[in-house]
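# Architecture and fold: a report
One-letter residues, chain by chain:
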Amino acid sequence: MSGLFLTELRRKAVHAAGSLIAIAYYFTDKQTALIGLAIINAVLLIVEWQRLKGKIRLPEILLRPHEKEQVGAYIYFQVASLISVIFFEKTIAIAAILMLSLGDTASGLSGALLNGGDVRHSRKKFTIKPLPIVSVMFTVCVLIGFIMVSLPLAHDMEYISLLSYVAGALGATLGDAVPFRVHGKPIDDNLLIPLLSGIFMTIANLL
């Protein structure tokens, strides 16, 4: 097992723990989730501000080399979770956060094994992750949809069809596989995955 895979495994174990946000939201209401996530975001933003100023250091496992002088991926993860809870129906928000935490974990691990997973820092004008990595991401996200369909719904959750979850899996896979850029700078996939999956599920659910 390569050193790259072991490093990615440790990092993605932390990433997968983000699914606890979705689990906690399942057992609580929207207002409580918003308050909790707002507090977490505020604390993390202060910590990140101090880190970037060089006043504190975080464990190396939390940061990729390019993030040492840039905003860390965990900030985008938490911000995206908060936005998802604000704008999406509860069932969709939970699924979107799970597709980020678990789908992106599977994608990252397969990328560490197969190489070619880091497309956001490629110098090519257009690139996409290799098909095996894309397939892993999509498959895991669809499996999340199967779990969500069979999951007993809380009183404030709406039933979403499997087809809507498949649409969400497409959105999540698109956000993971294609490096969208603004003024030449890549948008972090921790932001794109839940937002695109949530938008795709919302649209599919309305049709």
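Model, not experiment: these values are computed from the prediction.

### Some details on the overall build of the protein chain
Check the secondary structure of the protein chain and you find eight helices and two strands. Start at the N end of the protein chain and walk to the C end: the helices and strands fall as α-α-α-α-α-α-α-β-β-α. Scored against the burial criterion, the 207 residues of the protein chain give a buried share of 44%. Taking as baseline every contact in the protein chain between residues at least 6 positions apart, the subset at least 24 positions apart corresponds to 75%. When the accessible surface of the protein chain is totalled, it reaches about 10,900 Å², and 71% of it is carbon and sulfur.

### Some points on the packing of helix α7 (residues 162–177) against helix α8 (residues 189–206)
Between two packed helices, both the angle of their axes relative to each other and the distance between the axes serve to describe the pair. Here α7 crosses α8 at 155 degrees, and the two axes come no closer than 7 Å. As the angle between them shows, α7 and α8 are arranged roughly antiparallel. As α7 packs across α8, the resulting crossing turns out to be right-handed. From α7, Ser164, Tyr165, Ala167, Gly168, Leu170, Gly171, Ala172, Leu174, Gly175 and Asp176 reach across to α8, where they touch Asp189, Leu192, Ile193, Leu196, Ser197, Phe200, Met201, Ala204 and Asn205. Per-class residue counts for the contact of α7 with α8 are 11 nonpolar, six polar and two charged.

### Thoughts on the environment of Leu58
Mapped onto the fold, Leu58 is located in the loop between α3 (30–52) and α4 (73–87). Leu58 sits 10 residues away from Lys68 along the chain, and the two C-alpha atoms are 9.7 Å apart. Once residues within four sequence positions are removed from consideration, Leu58 is found in contact with Val47, Glu48, Arg51 and Tyr74.

### Re the side chain of Ser81
Checked against the element boundaries, Ser81 lands in helix α4. At 2.9 Å, the side chain of Ser81 forms a polar contact with the backbone oxygen of Phe77. The residues touching Ser81, leaving out its near neighbours within four places in the chain, are Ile21, Leu37 and Ile97.

### Brief notes about the side chain of Asp189
Relative to the elements of secondary structure, Asp189 occurs in helix α8. Classification of Asp189 as buried rests on a relative accessible area of 12%. Of note is the side chain of Asp189, whose polar atom sits 3.5 Å from the side chain of Asn190.

### What about the pattern of salt bridges?
Close approach of charged atoms lets side chains of opposite charge pair. In the structure shown here, the tally under the stated rule is three salt bridges. Here Arg51 ties to Glu48 by a salt bridge, and the two come within 2.7 Å at their closest N and O atoms. In this pair, Arg51 and Glu48 are both assigned in helix α3, three residues apart and thus about one turn of the helix distant. For Arg51, a relative accessible area of 7% puts it in the buried group.

### Let's talk about the packing of aromatic side chains
This structure, assessed with the given rule, holds one aromatic pair. Here the aromatic rings of Tyr26 and Phe27 are separated by 4.9 Å at their centres, their planes lie at 85 degrees, and the arrangement is edge-to-face. With a relative accessible area of 18%, Tyr26 lands in the buried category. Classification of Phe27 as exposed rests on a relative accessible area of 66%.

Reading the values: the criteria
Residues numbered from 1 in each chain as written. Predicted model: local features only at pLDDT ≥ 70, side-chain atom pairs only at ≥ 80, totals over all residues. Heavy atoms only, no water. Helix = DSSP H or I, 4+ residues; strand = E, 2+ residues; numbered from the N terminus. Buried < 20%, exposed > 50% of the residue type's maximum accessible area, 1.4 Å probe, protein only. Contact = heavy atoms within 4.5 Å. Areas by Shrake-Rupley, 256 points an atom, 1.4 Å probe, with all protein chains shown as cover. Axes fitted to C-alpha atoms, helices over the stretch in contact; angles between N-to-C directions. Parallel < 35°, antiparallel > 145°, perpendicular 65-115°, else oblique. Left-handed = near helix turned anticlockwise from the far one by under 90°. Nonpolar A, V, L, I, M, F, W, Y, C, P; charged D, E, K, R; others polar. Polar contact = N/O pair within 3.5 Å; in protein donor to acceptor, adjacent residues only side chain to side chain. Salt bridge = Lys/Arg side-chain N within 4 Å of Asp/Glu carboxyl O. Phe/Tyr/Trp six-rings, centres within 6.5 Å; stacked < 30°, edge-to-face > 60°.

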